Amino acid sequence: MKMIKTQDAAGQVLCHDITQIVKGVTKDAIFRKGHVIREEDIPVLLRVGKEHIYIWENDETLLHENDAAKILYDLCANEHMRPSEIKEGKIELLAEIDGLLKIDREKLLRINALGEMMIACRHGDFPVHAGDKLAGMRVIPLVIEKEKMQRAAEAAGQEPVFQLKPFLKKTAAIVTTGNEVYHGRITDTFTPVVEEKLAEYGVQVTGHACSDDDPEKTAAAVREMLDKGADMVICTGGMSVDPDDRTPAAIRSVTGSVVTYGVPVLPGAMFLLAYAGEKKVPVLGLPGCVMYAKRTIFDLVLPRLLAGEVLEKSDFDRMGEGGLCLSCPVCTFPDCGFGK
């Protein structure tokens, strides 16, 4: 690559796109890489502020920005993803299906730390839809050393930086607990909320039982739903620390242990997750906030479970930063900081 005066460029091969920006009208290339500059092109180049331009010179040690951007794409892309058109050394990664975006954060950091290249992406562990933009990547200079792109490949290793897990077709059963509901003193307003959230992901509710505050009865209801083959059992009510709130004890008696009871997320601190049997069927205890708050811990956990993830306590420990919902007057979740 060689820089020359634009007035002397007739007959030379342009080695990068020339972009024209007109506020509110356009931002696009008026000449593309590889264009052979003509005499009549020179006034146009001068009008867009190009007193000097770069022309192409062969150098086996260098890569053009577009070629290097394609390498970055190959290091990032996985199944269910497709590329955008490469423009000015930038390429985007697009989702082909609905699913859960996973990011190898260590690889992402290693590549960005190399300098002269960048990968910017949306937050991982959140649902995305077909057609959504997942990431954008580009090389900063017009040309970059091949050796540096090799270092990027070594930083990425064998597996791509991103993964898009499709949502699985799952069923769910709901166990409603509480004397007040069981004896008909109040209407069950919790179950409809859970059903609505499950419907967002096409989850079929195949069973529903109601239990009083007796933990043995609650445990029996959970076992019944598991025996009937539910892919997930969700318990509502009885999740606080009040003496008569005994749902956690019931879940523990069925599953033997819990992954977590209590998470650094508001709303949702009293959330419980356990797994039952060799198939590791999730059993959830939902705190009362799920019934009245717009978005809670349930919204952060549900898509991960439906993508087949088996969560560990460390997954929840990391939720403290970003775990505070600001209860905005107009909820824009997931386009906000909650859970990120």
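It should be noted that the structure appears before, not after, this text.
About the cut-offs
Residues numbered from 1 in each chain as written. Predicted model: local features only at pLDDT ≥ 70, side-chain atom pairs only at ≥ 80, totals over all residues. Heavy atoms only, no water. Helix = DSSP H or I, 4+ residues; strand = E, 2+ residues; numbered from the N terminus. Rg over C-alpha atoms; globule rule 2.2 N^0.38 Å. Contact = heavy atoms within 4.5 Å. Areas by Shrake-Rupley, 256 points an atom, 1.4 Å probe, with all protein chains shown as cover. Lys, Arg positive; Asp, Glu negative; His and termini not counted. Charge placed at Lys NZ, Arg CZ, Asp CG, Glu CD. Pairing = 2+ DSSP bridges. Axes fitted to C-alpha atoms, helices over the stretch in contact; angles between N-to-C directions. Phe/Tyr/Trp six-rings, centres within 6.5 Å; stacked < 30°, edge-to-face > 60°. Buried < 20%, exposed > 50% of the residue type's maximum accessible area, 1.4 Å probe, protein only. Lys NZ or Arg CZ within 6 Å of the ring centre and 35° of its normal. Salt bridge = Lys/Arg side-chain N within 4 Å of Asp/Glu carboxyl O.

**Q** Looking at this model, I keep getting lost on the overall build of the chain. Mind explaining?
**A** A tally of helices and strands in the chain yields eleven helices and 19 strands. Rg of the C-alpha trace for the chain: 27 Å, well past the compact-globule value of 20 Å for 340 residues, more than 25% over. C-alpha extents for the chain along the principal axes are approximately 90 × 40 × 30 Å. The contacts of the chain with a sequence gap of at least 6 include a subset with a gap of at least 24, amounting to 67%. About 17400 Å² of surface is accessible on the chain, with carbon and sulfur atoms providing 50% of the total. Distance between charge centroids for the chain: 2 Å, based on 41 positive and 51 negative side chains.

**Q** How should I be thinking about the sheet that holds strand β7 (residues 90-95) in this particular structure?
**A** The pairing of strands in a sheet happens through backbone hydrogen bonds and is either parallel or antiparallel. Taking strand neighbours across the sheet as the criterion, the four strands line up as β6-β7-β11-β9 in an open arrangement whose pairing is antiparallel. Because the sheet does not close on itself, it has two edges, and the strands there are β6 (81-83) and β9 (117-121). Pairwise comparison of adjacent strand axes, ignoring direction, gives a mean angle of 20 degrees for this sheet. Sheet topology note: the β9/strand β11 (residues 133-139) ladder contains five bridges and is antiparallel. Paired with Ala120 across the strands is Gly136, a residue of β11.

**Q** Just checking my understanding: could you explain the packing of aromatic side chains for this structure?
**A** Both the distance between ring centres and the angle between the ring planes are used here to describe each pair of aromatic rings. Considering all chains together, one arrives at four aromatic pairs under this definition. With a centroid separation of 5.9 Å and 35 degrees between ring planes, the pair formed by Phe271 and Phe316 is classed as tilted. Linking Phe271 in the loop between β17 (260-261) and β18 (272-276) with Phe316 in helix α11 (residues 313-317), this pair joins segments that are 45 residues apart in sequence. Judged by its relative accessible area of 0%, Phe271 falls in the buried class. On the accessibility criterion, Phe316 (1% relative accessible area) is buried. Among the aromatic residues, ring-to-ring pairing joins Phe126, Phe333 and Phe338 into one connected group. The aromatic ring of Phe126 is capped on one face by Lys340, whose charged end is 5.0 Å from the ring centroid.

**Q** Even after reading the chapter, I still don't get the pattern of salt bridges, so can you show me in this structure?
**A** Pairing between side chains of opposite charge can happen when the charged atoms of each approach one another. By the definition in use, this model includes 21 salt bridges. Two residues, Arg105 and Asp125, come together in a salt bridge whose shortest N-O distance is 3.4 Å. With Arg105 in helix α3 (residues 105-112) and Asp125 in the loop between β9 and β10 (126-128), the pair connects residues that are 20 residues apart, well separated along the chain. For Arg105, a relative accessible area of 48% corresponds to the partly exposed category. The class for Asp125 is buried, based on a relative accessible area of 15%. Taken together, the salt bridges that share partners define one network made up of Lys102, Arg105, Asp125, Lys165, Arg304, Glu309, Asp315 and Arg318.

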